[in-house]
Amino acid sequence: MSNPETDCVFCNIIAGQIPSYTVYEDEVVKAFLDISQVTPGHVLLVPKKHVKDIFEYDAQHAGIVFARVPKVARAIRAANPEIQGMNICINNGKIAYQSVFHSHIHLVPRYSNEDGFQMKWADNTDQYDEQKLTQIAQKIAQQIGE
């Protein structure tokens, strides 16, 4: 039987068993360069506690982890005056392009429209009327606990 914390590449990076290019670390998170460098300065921020994806966080841990994002984002931007913006994303599940099943937040600096990174958002406005949108909103709202 596999053990996520010994089989996980990010757990092994956190433990120092795999080298990384660390840009920030504290008792809760480690932030290091993504080896793919989609754009220069592409950083992954990972919780030190193994959490598979967004669905496994509790509110307190999520708040602590996500509170580190602005600090690291500002440092990335300050390190290169050519950075014009930044995409921050977290992929959850294989269908959403998660390839390492230890939660991680991508901070991808943006330099231009031709910097090699893109996201495509479909516009399906014409497929939803007020009734459909209300039904979807109500179903989600009913699932949100206190």
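So, here's what we can say about the structure. Throughout this document, residue positions are counted from 1 along each chain, in the order its sequence is written. Local features are withheld for residues below a pLDDT of 70 in this predicted model, meaning they are given only at 70 or higher, and side-chain atom pairs are given and counted only at 80 or more; totals for whole chains, interfaces and linings count all residues. Where side-chain values are given, they derive from all heavy atoms of the structure, hydrogens and water being excluded.

## Describing the packing of aromatic side chains
At step 1: The rule is short: rings of Phe, Tyr and Trp, with Trp giving its six-membered ring, pair when the centres are within 6.5 Å, and they are stacked under 30 degrees, edge-to-face over 60, tilted in between. In total, this model carries two aromatic pairs according to the counting rule given.
At step 2: For the ring pair Phe 10 and Phe 32, a centre distance of 5.6 Å and an interplane angle of 70° mean the geometry is edge-to-face. In this pair, Phe 10 sits in helix H2 (residues 9–14) while Phe 32 sits in strand S2 (residues 29–33), placing the two residues 22 residues apart along the sequence. Pair check on accessibility: Phe 10 and Phe 32 agree, each one buried. Helix and strand labels come from DSSP, where a helix needs a run of H or I of at least four residues and a strand needs a run of E of at least two; each type is numbered from the N terminus. Residue burial is assigned from relative accessible area. The probe radius is 1.4 Å, only protein chains are included, and a residue is buried under 20% of its type maximum, exposed over 50%, and partly exposed in between.

## Some remarks on the side chain of Asn 92
At step 1: In this structure, Asn 92 sits in the loop between strand S4 (85–89) and strand S5 (105–110).
At step 2: Polar contact criterion, stated in full: a pair of N or O atoms within 3.5 Å, where within protein one must be able to donate a hydrogen and the other to accept it, and residues adjacent in sequence count only if both atoms are side-chain atoms. Here Ile 54 takes part through its backbone nitrogen, which lies 2.8 Å from a polar atom of the side chain of Asn 92.
At step 3: Only 3.2 Å separates the side chain of Asn 92 from the backbone oxygen of Ile 90, close enough to count as a polar contact.
At step 4: Discounting chain neighbours no more than four positions away, the residues touching Asn 92 are Asp 53, Ile 54, Phe 55 and Gln 98. Any two residues whose heavy atoms approach within 4.5 Å are treated as being in contact.

## Observations concerning the pairing of strand S3 (residues 43–47)
At step 1: With five of its five residues buried, S3 lies for the most part within the structure.
At step 2: Burial along S3 is two-sided: Val 43, Leu 45 and Pro 47 and Leu 44 and Val 46, pointing in opposite directions, are all buried.
At step 3: Two strands pair when backbone bridges link them, and S2 and S3 are joined in this way by five bridges, in the antiparallel orientation. Along S3, the bridge assignment pairs Lys 30 with Val 46. Here a strand pair is declared whenever DSSP counts at least two bridges between the two strands.

## Regarding helix H3 (residues 59–66)
At step 1: Turning to H3, its buried residues are His 61, Ala 62 and Val 65. The buried residues of H3 all sit within an arc of 100° when viewed along its axis, so they share a single face. Away from its buried face by more than 90 degrees, H3 exposes Ala 59 and Gln 60.
At step 2: Buried-residue contacts for H3 involve S2, S3, helix H4 (69–79) and S5.
At step 3: Among the residues of H3, the N-terminal cap falls to Asp 58, whose side-chain oxygen and the backbone nitrogen of Gln 60 are separated by 3.2 Å. In this context, the arc is that of the directions from the helix axis out to the C-beta atoms.

## So, the sheet that holds S4
At step 1: Ordered by their spatial adjacency, five strands build an open sheet running S1-S2-S3-S5-S4, and the pairing between neighbours is antiparallel. Across the chains shown, the open sheet's two edge strands, defined by having one partner strand only, are strand S1 (22–25) and S4. Sheet twist, expressed as the average angle between the axes of neighbouring strands with direction ignored, equals 15°.
At step 2: By the bridge criterion, five bridges tie S4 to S5 in an arrangement that is antiparallel. Bridge pairing in S5 links Ile 88 to Leu 107.
At step 3: Axis angles are defined between N-to-C directions and span 0 to 180 degrees, where every axis is a line fitted to C-alpha atoms and, for a helix, only to the segment in contact. Against the sheet, H3 makes contact with S2, S3 and S5, and its axis sits at roughly 150° relative to S3, the strand it touches most.
At step 4: Against the sheet, H4 contacts S1, S2, S3, S4 and S5, and its axis sits at roughly 30° relative to S5.

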